[in-house]
Amino acid sequence: MPHYQVRDTTTRELLARDLADYTAAEAALDRLVDELEQDLQRNGEGAGRIRLRLDVERVIDGVTEAVGHHVLLLGVDDGADPLL
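Below, the structure is looked at part by part. Here the structure is a predicted model, which means the values were calculated and not measured. (Residues numbered from 1 in each chain as written. Predicted model: local features only at pLDDT ≥ 70, side-chain atom pairs only at ≥ 80, totals over all residues. Heavy atoms only, no water.)

Moving on, we get to the pattern of salt bridges. Under the definition given, this model contains five salt bridges. Residue Arg12 pairs with Asp55 through a salt bridge whose shortest N-O separation is 3.2 Å. Pair noted here: Arg12 is in the loop between β1 (3-8) and β2 (14-19) and Asp55 is in strand β3 (residues 50-60), with a separation of 43 residues, a long-range link. By relative accessible area, which is 40% here, Arg12 ends up partly exposed. Between Asp39 and Arg42 there is a salt bridge, with the nearest N and O atoms lying 2.4 Å from each other. (Salt bridge = Lys/Arg side-chain N within 4 Å of Asp/Glu carboxyl O. Helix = DSSP H or I, 4+ residues; strand = E, 2+ residues; numbered from the N terminus. Buried < 20%, exposed > 50% of the residue type's maximum accessible area, 1.4 Å probe, protein only.)

In structure tokens:
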């Protein structure tokens, strides 16, 4: 039976594994972004327009196949631009 995982495209770090389906992988993406934003806020840092490139992979019998690529932007809704 297939399962899904989320991997950072740049570092190849596995961020979530053993997800039941693609919908669960998308939910994991949302959680990862929320956790990162909370960590940044807790440390007194802004997101500063961070771009995350993440792959959703399907694993069947030990064979991994990329089935989705997501670019997530953090900080795009941060305060108004003072130059405008």
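Moving on, we get to unusual backbone geometry. Notably, Arg12 is not glycine yet its phi reads approximately 70 degrees, a positive angle. Although it is not a glycine, Asp61 adopts a positive phi angle of roughly 50 degrees. When you line up the elements, Asp61 lands in the loop between β3 and β4 (63-74).

What follows covers the pairing of β2. The sheet contact formed by β1 and β2 spans three bridges and is antiparallel. Note that in β2 the partner of Val6 across the bridge is Ala16. The antiparallel hairpin formed by β1 and β2 contains five residues in its connecting segment, where Arg12 sits at a positive phi of about 70 degrees. (Pairing = 2+ DSSP bridges.)

Two strands pair when backbone bridges link them, and β3 and β4 are joined in this way by eleven bridges, in the antiparallel orientation. Looking across to β4, one finds that Arg51 is bridged to Leu73. Hairpin connection, β3 to β4: the antiparallel pair is bridged by two residues, and Asp61 has positive phi, about 50 degrees.

No statement about biological role is implied by the geometric values presented.
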